[in-house]
Amino acid sequence: MTMVAVGGSIGTGLLLGSAAALEIAGPSVIVSYIVAAFIAYTVAMALGELASKHPSAGSFGVYGELYLNQYLGFLCRAGYWASIAFSIGAELVASATYMTYWLPTLPGVVWVFIFSALLLLINLRSVGSFGRFEFWFAMIKFGTIVAFIMAGAALLAAGRVAPQFTAQGGFLPKGPIAPLLAVFLAIYTFGGVEMLAVTTGESRSSKDIPRAARLTFFLLAGLYLGAIIVLVGVMPWNHAGVSESPFVSVLRMAKVPAAAYFMNFVVLTAALSGANAKLYVASRLLFSMGRSGWAPASLGALNASGSPRLALLVSSYGIVTALIIENWAPKQAFLYIMGAAFSGLILSWVVSLAAHVSFRRRLTSPQVAALPMRSPLGIWGSMLGFVLASTAILHTMFASPVNEIGGFVFFAALTIAYVLLKRQRQTS
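Our subject in this report is the structure included herewith.

Definitions and cut-offs
Residues numbered from 1 in each chain as written. Predicted model: local features only at pLDDT ≥ 70, side-chain atom pairs only at ≥ 80, totals over all residues. Heavy atoms only, no water. Patch = residues over 30% accessible without salt bridge, like charges linked within 9 Å, V, L, I, M, F, W, Y side chains within 5 Å. Areas by Shrake-Rupley, 256 points an atom, 1.4 Å probe, with all protein chains shown as cover. Salt bridge = Lys/Arg side-chain N within 4 Å of Asp/Glu carboxyl O. Helix = DSSP H or I, 4+ residues; strand = E, 2+ residues; numbered from the N terminus. Buried < 20%, exposed > 50% of the residue type's maximum accessible area, 1.4 Å probe, protein only. Expected span 1.5 Å × (residues − 1). Phe/Tyr/Trp six-rings, centres within 6.5 Å; stacked < 30°, edge-to-face > 60°. Lys NZ or Arg CZ within 6 Å of the ring centre and 35° of its normal. Polar contact = N/O pair within 3.5 Å; in protein donor to acceptor, adjacent residues only side chain to side chain. Contact = heavy atoms within 4.5 Å. Axes fitted to C-alpha atoms, helices over the stretch in contact; angles between N-to-C directions. Parallel < 35°, antiparallel > 145°, perpendicular 65-115°, else oblique. Left-handed = near helix turned anticlockwise from the far one by under 90°. Nonpolar A, V, L, I, M, F, W, Y, C, P; charged D, E, K, R; others polar.

Section: a nonpolar patch on the surface
Point 1. On the surface, a cluster of nonpolar side chains totalling about 900 Å² of accessible area is made up of W102, L103, L106, V110, F113, I114, I140, Y261, F262 and F265.
Point 2. At the level of elements, helix 7 (108-123) and helix 14 (259-292) are the ones that each hand at least two residues to the nonpolar patch.
Point 3. Position of F262 among the secondary structure elements: in helix 14.
Point 4. Classification of F262 by relative accessible area gives partly exposed; the value is 48%.

This is the structure we're talking about:
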């Protein structure tokens with residue numbers, strides 16, 4: 001369960017998106033990641049508590065429906081499904097970007113098509129087979145990032161690389177507001193902690209959930225903060241770009257023989273692992289909606305292997321989107337897709353935190369004490385996380401006219417779908 005969540009999180013957000021965050025905030029991006037880590041902690045603990053009480057493939061959508069209202073439950077589940085299915089395209093576009101390191105003349109569309117076929121074959125198998133594949137894919141990038149952090153720290157400590165924390169215009173070269181502007185990219189990096197709640201629907205035992213929730217957050221926080229500190233210390237922030245992973249750039253600057261080739265392989269497996277986990281989560285959410293009447297009942301069917309085949313095929317629409325965007329605007333494709341995917345991700349966080357607050361308010365002190373898992377921050381931590389996550393939504397939506405219009409259209413379309421589906425449910 002932990003490695004599926006870790007595998008879904010460690011992907012383009014850190015390995016490619018960290019370059020975009022560095023460009024926005026410079027070395028002060030470290031502050032951005034610390035703020036994002038705190039918000040992610042409130043979400044992980046709130047969801048862990050709710051999931052230990054209500055294990056469900058519908059996860060935060062179910063919690064929103066139980067403890068808030070039907071509309072928010074649907075909006076959260078459908079919005080997250082649409083966004084995470086779309087963000088599969090971000091991972092595939094990133095994979096195509098990494099492949100140009102070895103084969104620069106081959107069009108990225110070819111790689112998107114090949115990798116898409118591989119992911120569909122994996123997800124059509126049983127959940128046990130999927131879990132084993134995702135575990136080892138996630139383990140490759142987990143172990144390598146740990147080694148990268150240790151190697152980068154050794155380079156800095158030995159003086160082989162001059163520290164860059166204040167070398168290019170100081171720690172705040174873009175001003176004191178820049179770290180806040182980069183928080184939304186850092187939050188996208190932590191996107192994946194909420195995937196743990198979706199896996200609880202197929203968990204062996206509810207007793208595994210509290211340990212998996214804590215382990216997921218602390219693994220991700222340790223990796224992300226360690227990696228971003230090393231990146232900022234080793235690589236000049238104004239040399240970062242999205243044409244290749246900054247991890248590869250660092251190893252190349254450090255002149256480590258053949259290490260850049262290996263690291264490029266690792267970030268490739270990371271992107272594929274992220275796409276694999278997101279396809280799994282998207283299909284389970286759509287399956288849950290099919291079973292609960294918020295999507296066609298046929299989407300709630302399973303094949304002989306226990307995989308929701310039709311829900312899986314419908315959820316793969318992000319792959320088609322990736323093919324279109326890769327062909328239309330390959331240089332900016334990753335940033336376009338990441339911006340679109342962020343709205344559904346952060347919405348699931350906001351609804352989860354609000355649902356946790358409502359959940360806690362309904363419990364007496366003895367009932368709180370009897371919970372299988374309790375958030376150390378309690379109701380106040382979820383309230384603070386809700387305010388910070390809501391601020392991130394508002395900042396993202398009003399950062400540009402495109403985001404503003406796109407955000408309103410996105411939520412308006414979901415609202416119309418909710419009204420139509422609610423009428424259909426009442427009629428049937």
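Let's pick the thread back up.
Topic: helix 4 (residues 29-53)
Point 1. With 25 residues, helix 4 should cover 36 Å at 1.5 Å per step; its first-to-last C-alpha distance of 36 Å lies within 8% of that length.
Point 2. Extensive coverage of helix 4 is indicated by the burial of 20 of its 25 residues.

Points about the packing of aromatic side chains
Any aromatic ring pair is given by two values, namely how distant the centres are and how the planes are angled relative to each other.
Point 1. Evaluated as defined, the whole model comprises 14 aromatic pairs.
Point 2. With centroids separated by 5.8 Å and ring planes inclined at 25 degrees, the aromatic side chains of W111 and F115 adopt a geometry described as stacked. Taken together, the positions of W111 and F115, both in helix 7 and 4 residues apart, correspond to about one turn of that helix.
Point 3. On the basis of relative accessible area, F115 is assigned to the buried category, the value being 9%.
Point 4. Taken together, the aromatic side chains of Y71, F74, W294 and Y418 make up a single cluster linked through ring pairs.
Point 5. Above the ring of W294, the side-chain terminus of R425 is found at 4.2 Å from the ring centroid.

So, the side chain of E49
Point 1. As for its position among the elements, E49 is in helix 4.
Point 2. A polar atom in the side chain of E49 sits 2.7 Å from the side chain of R360.
Point 3. Other than its neighbours up to four places away in sequence, E49 contacts H356, F359, R360, L371, M373, R374 and S375.

Looking at the pattern of salt bridges
Point 1. Going through the model one piece at a time under the given rule, you end up with 2 salt bridges.
Point 2. The salt bridge involving R360 is made with E49; its shortest N-O contact spans 2.7 Å. Taken as a pair, R360 in helix 17 (residues 333-361) and E49 in helix 4 lie far apart in primary sequence, 311 residues in all. E49 carries the same exposure label as R360, and that label is buried.
Point 3. R77 is the salt-bridge partner of E65, the closest N and O atoms lying 3.2 Å from each other. Of the two residues, E65 is situated in helix 5 (residues 59-67) and R77 in helix 6 (residues 70-99); the sequence distance between them amounts to 12 residues.
Point 4. Taking the relative accessible area as the measure of exposure, R77 reaches 2% and is therefore buried.

Thoughts on the packing of helix 6 against helix 7
Point 1. Two elements in contact, helix 6 and helix 7, have axes whose closest approach is 9 Å; the angle formed by their N-to-C orientations is 125 degrees. Taken together, the axes of helix 6 and helix 7 are oblique relative to one another. For the pair helix 6 and helix 7, the crossing hand works out as right-handed. Taking contact as the criterion, the partners of L92, S95, A96 and M99 in helix 6 are, on helix 7, G108, W111, V112, F115, S116 and L119.
Point 2. Here the contact of helix 6 with helix 7 is composed, by residue class, of 7 nonpolar, 3 polar and no charged.

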